[in-house]
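Examination of the molecular architecture
One letter stands for each residue in the lines below.
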Amino acid sequence: MSGETVITVIGNLVDDPELRYTPAGAAVANFRIASTPRTYDKTTNEWKDGESLFLSCSAWRSLGENVAASLARGSRVIVHGRLKQRSYEDREGVKRTVFELDVEDLGPSLLRATAAITKTTSSNGTNSQQRQQPANDPWATQQPQHGYSNEPPF
């Protein structure tokens, strides 16, 4: 959509993702991330931490279920989504403004960790991440007629 602020943030999960379901049955995982900039101070030869940015995040449907099943507090993640601003009054009547992130995609950071990827399947047994190739796609691969292939299965 035009005019939306799309950002990518690298940070650590502050708490475990909390998975809930709407009355209509849609899954949503809520979690917070903290992103702290680091700069190197040449005069002292040390790294200095800057002011931390805390963002509340919401991941919907299968992404939310996968986040809740895969990540925990302290996990370093790369989050991509739409930044939203919301204002409200707290219990004392003070106006507050918060920034929230509607997550479109998320992955673990592999800078200091490893991860094993497991593809999920949909309820009808097909791979939910497979996309049907258009008939005129010159890069689409044909399935071998003899039932096996030397190509990797991904």
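Now for a description of the structure that goes with this document. Numbers given to residues run from 1 along each chain, matching the order in which its sequence is written. The predicted nature of this model means local features are confined to residues of pLDDT at least 70 and side-chain atom pairs, given and counted, to a pLDDT of 80 or more, with totals for whole chains, interfaces and linings taken over all residues. Just so you know, side-chain values use all the structure's heavy atoms and leave hydrogens and water out.

**Examining the overall build of the protein chain**
Put simply, the rule is: Secondary structure elements follow DSSP: runs of H or I of four or more residues count as helices, runs of E of two or more count as strands, with numbering from the N terminus. Accessible area is worked out with a 1.4 Å probe on protein chains only. A residue is then buried under 20% of its type maximum, exposed over 50%, and partly exposed in between. The contact rule is simple, with two residues in contact once any of their heavy atoms fall within 4.5 Å. Only the protein chains shown count as cover for residues, and all accessible areas are computed by the Shrake-Rupley method using a 1.4 Å probe.
When its secondary structure is counted, the protein chain shows one helix and eight strands. Ordering the α and β elements of the protein chain from the N terminus gives β-β-β-β-β-β-α-β-β. Sorting the 154 residues of the protein chain into buried and exposed places 20% on the buried side. Across the protein chain, the fraction of contacts at a sequence separation of at least 24, relative to all contacts at a separation of at least 6, is 56%. If you sum the accessible surface of the protein chain, you get close to 12400 Å²; carbon and sulfur atoms cover 48% of it.

**Remarks on the side chain of Asp90**
Our working rule: Between N or O atoms, a polar contact is any pair within 3.5 Å; within protein, one atom must be a potential hydrogen donor and the other a potential acceptor, and residues adjacent in sequence are included only when both atoms are from side chains.
Topologically, Asp90 is positioned in the loop between β7 (76-89) and β8 (95-108). Of note is the side chain of Asp90, whose polar atom sits 2.8 Å from the backbone nitrogen of Val94.

**Thoughts on the nonpolar core**
Note the threshold: Put simply, buried Ala, Val, Leu, Ile, Met, Phe, Trp, Tyr and Cys residues joined by side-chain atoms within 4.5 Å make one nonpolar core.
Core analysis: the largest hydrophobic core is formed by 16 residues, its most contacted members being Phe31, Ile33, Val67, Val103 and Leu106. Contributions of two or more residues to this core are made by β1 (5-13), β3 (27-35), β6 (53-60), α1 (61-70), β7 and β8. Aside from chain neighbours lying at most four places away, what touches Ile33 is Val9, Asn12, Leu13, Val14, Leu53, Phe54, Leu55, Cys57, Val77 and Val79.

**Some thoughts on unusual backbone geometry**
Its identity is not glycine, yet Asn45 carries a phi of approximately 55°, on the positive side. Relative to the helices and strands, Asn45 is located in the loop between β4 (38-41) and β5 (46-49). On the basis of relative accessibility, which here comes to 55%, the residue Asn45 falls in the exposed class. Positive phi outside glycine occurs at Arg61, with the angle close to 55°. Here Arg61 lies in helix α1. A relative accessible area of 54% means that Arg61 is categorised as exposed.

**Overview of the pattern of salt bridges**
Condition: Salt bridges are defined as contacts in which a side-chain nitrogen from Lys or Arg sits within 4 Å of a carboxyl oxygen from Asp or Glu.
Scanning the model with the defined rule gives nine salt bridges in all. A salt bridge links Lys48 to Glu46, with the nearest nitrogen and oxygen atoms 3.5 Å apart. Under the relative-accessibility criterion, Glu46 is labelled partly exposed at 40%. For Glu104, the salt bridge goes to Arg82, with nearest N and O atoms at 2.8 Å. One end of the pair, Glu104, is in strand β8; the other, Arg82, is in strand β7, and 22 residues separate them in sequence. Each of Glu4, Arg82, Lys84, Asp102 and Glu104 takes part in salt bridges that share partners, so that together they form one network.

**Details of the side chain of Ser75**
Note on placement: Ser75 falls in the loop between α1 and β7. Polar contacts involving the side chain of Ser75 include one to the main-chain carbonyl oxygen of Ala72, which spans 2.7 Å. Those residues within four positions of Ser75 in sequence are excluded, and the remaining contacts are Gly11, Asn12 and Leu13.

**Some words on the pairing of β7**
Note the following rule: At least two DSSP bridges between two strands are required for those strands to pair.
With eight bridges joining them, β1 and β7 adopt antiparallel strand pairing. When the sheet's bridge partners are listed, Val9 is paired in β7 with Val79. Inspection of the sheet shows β7 paired to β8 by 13 bridges, in the antiparallel sense. Looking across to β8, one finds that Arg82 is bridged to Asp102. In this structure, the hairpin formed by β7 and β8 is closed by a connection of five residues, where Gly93 is found at a positive phi of approximately 85°.

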